[in-house]
Amino acid sequence: FQCLTCSGDHTWCHVCILKAHKSLPFHKMQQWNGKCFSDTFLMQMSYIWHMSHGGCPCPSSQGSWE
């Protein structure tokens, strides 16, 4: 994976790009498809944006979305 919005020339694995963009959900991502990089979104990478608690799930939710 790579991010076109971040400065510098970075490539990341799936886990690292999600960690690096925990609070940057609107950056433009690309995924290597075997021949070239193609556009993708954090949502397509199973990313869940937690808008409070420092980007972490609410500790009182206990995994419930209700």
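Note that the structure is a prediction, hence the values are computed from the model and not measured.

About the criteria used
- Residues numbered from 1 in each chain as written.
- Predicted model: local features only at pLDDT ≥ 70, side-chain atom pairs only at ≥ 80, totals over all residues.
- Heavy atoms only, no water.
- Helix = DSSP H or I, 4+ residues; strand = E, 2+ residues; numbered from the N terminus.
- Contact = heavy atoms within 4.5 Å.
- Areas by Shrake-Rupley, 256 points an atom, 1.4 Å probe, with all protein chains shown as cover.
- Buried < 20%, exposed > 50% of the residue type's maximum accessible area, 1.4 Å probe, protein only.
- Polar contact = N/O pair within 3.5 Å; in protein donor to acceptor, adjacent residues only side chain to side chain.
- pLDDT = per-residue confidence, 0-100.
- Core = buried A, V, L, I, M, F, W, Y, C linked by side-chain atoms within 4.5 Å.

A.B. asks: Residue-level account of the overall build of the chain, with values.
C.D. replies: Each helix and strand counted, the chain has one helix and three strands in total. Counting from the amino terminus, helix and strand elements in the chain follow one another as β-α-β-β. Pairs at least 24 apart in sequence give 39% of the contacts found in the chain among residues at least 6 apart. For the chain, the accessible area works out to roughly 5100 Å², and carbon and sulfur atoms hold 58% of it.

A.B. asks: Would you mind going over the environment of Leu42 in detail, with residue names and values included?
C.D. replies: Summarising the element assignment, Leu42 is placed in the segment after β3 (37-40). Judged by relative accessible area, which is 5%, Leu42 ranks as buried. It is 9.7 Å that separates the C-alpha atoms of Leu42 and Lys22, two residues lying 20 residues apart in sequence.

A.B. asks: Talk me through the side chain of Gln30; I want residue IDs and the actual numbers.
C.D. replies: Mapped onto the secondary structure, Gln30 falls in strand β2 (residues 29-32). On the basis of relative accessible area, Gln30 is assigned to the buried category, the value being 12%. Within the local environment of Gln30, its side chain forms a polar contact with the side chain of Gln2, the two groups lying 2.6 Å apart. Gln30 has contacts with Phe1, Gln2, Leu4, Phe37, Ser38, Asp39 and Thr40, leaving out every residue within four places of it along the chain.

A.B. asks: Now, about the environment of Lys22: what can you tell me, with residues and values included?
C.D. replies: Locating Lys22 in the fold gives a position in the loop between α1 (14-20) and β2. Overall, the relative accessible area of 35% leaves Lys22 in the partly exposed class.

A.B. asks: Please give an account of the confidence of the model for the chain that cites residues and values.
C.D. replies: Mean pLDDT over the chain works out to 81, with 80% of the residues at or above the 70 mark. Within the chain, no element has a lower average pLDDT than α1, which sits at 88, and none a higher one than β3, at 94.

A.B. asks: Lay out the nonpolar core with the relevant residues and their values.
C.D. replies: Within the largest apolar cluster, eight residues are counted, these being Phe1, Cys3, Ile17, Leu18, Met29, Leu42, Met45 and Tyr47. Excluding its chain neighbours within four sequence positions, the residues that come into contact with Met45 are Phe1, His14, Ile17, Leu18, Met29 and Thr40.

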